[in-house]
Amino acid sequence: MPSLIITEKLTQTQHFNMEQDDRRRNKNLGKNFMCRLQCMFSHSSTSESRLSLEDTQQWSQSLERLLESKYGLATFRTFLKSEFSDENIEFWLTCEEYKKIKSSFRMSSKAKKIYEHFIKAEAPKEINIDYHTREQIKRAVKNPTLQCFDDAQKIVYGLMERDSYPRFLRSDIYRSLLDSLAADAVKG
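Criteria and thresholds
Residues numbered from 1 in each chain as written. Predicted model: local features only at pLDDT ≥ 70, side-chain atom pairs only at ≥ 80, totals over all residues. Heavy atoms only, no water. Buried < 20%, exposed > 50% of the residue type's maximum accessible area, 1.4 Å probe, protein only. Helix = DSSP H or I, 4+ residues; strand = E, 2+ residues; numbered from the N terminus. Arc of directions from axis to C-beta. Contact = heavy atoms within 4.5 Å. Polar contact = N/O pair within 3.5 Å; in protein donor to acceptor, adjacent residues only side chain to side chain. Phe/Tyr/Trp six-rings, centres within 6.5 Å; stacked < 30°, edge-to-face > 60°.

Identification of the chain as Regulator of G protein signaling 13 from Hucho hucho is taken from an unreviewed UniProt entry.

A.B. asks: Describe helix 7 (residues 131–140), naming the residues involved and giving the relevant values.
C.D. replies: When we look at burial in helix 7, the residues that qualify are Thr 133, Arg 134 and Ile 137. An end-on view of helix 7 places all buried positions within 100 degrees of arc, on one side of the element. Opposite the buried face of helix 7, at more than 90 degrees from it, the exposed residues are Tyr 131, His 132 and Arg 139. In this fold, the buried residues of helix 7 make contact with helix 6 (104–119) and helix 8 (150–170). For helix 7, the capping residue at the N-terminal end is Asp 130, with a side-chain oxygen 3.2 Å from the backbone nitrogen of His 132.

A.B. asks: So what's going on with the packing of aromatic side chains? Residues and values would help.
C.D. replies: Tallied over the full model, the rule gives eight aromatic pairs. Their ring planes at 40 degrees and their centres at 6.1 Å tell us that Trp 92 and Tyr 157 sit as a pair that is tilted. Taken together, the residues span a long stretch of sequence, with Trp 92 in helix 5 (residues 87–98) and Tyr 157 in helix 8 at a distance of 65 residues. Here the aromatic residues Trp 59, Phe 76, Phe 79, Phe 168 and Tyr 174 are joined through ring pairs into a cluster of three or more.

The following block contains the structure:
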């Protein structure tokens, strides 16, 4: 009987230590990630371009707000990569770049690459769109326009907004980044 009590106490102590380790690891995760983000964008070190608690808190207002922030976008992409589900954001960003193309030759070439990489069944980064949209794009890519991926882009944005974005807001990456920035703000 005494050995059972000792075993229970050891188990409780180990569990408590594991929780402390997790909290410490999450705190460090936020600090490490914040440092990595700021290093990524270190070429512009003005105070307004630095990662702030207020900006980071605003990411929770909408997916649009998150994607408008260079730090928000980088953090969201890192989160999605950690979940092996970055095809949607990569497709969305690729479409945003595609819409800036002026040359019809380059547009045709890029449209085919987007189709092969994201749209085609069994594509390396196949996005989750319905058959009708996939077929519509397949036809449109033959004579591409700047709008040929718009329907798929709207579908993907909706998927991110309803699925990936809420998971991101609950993620350790986002939570620990907020905690780290809040702790820094308190320190002054």
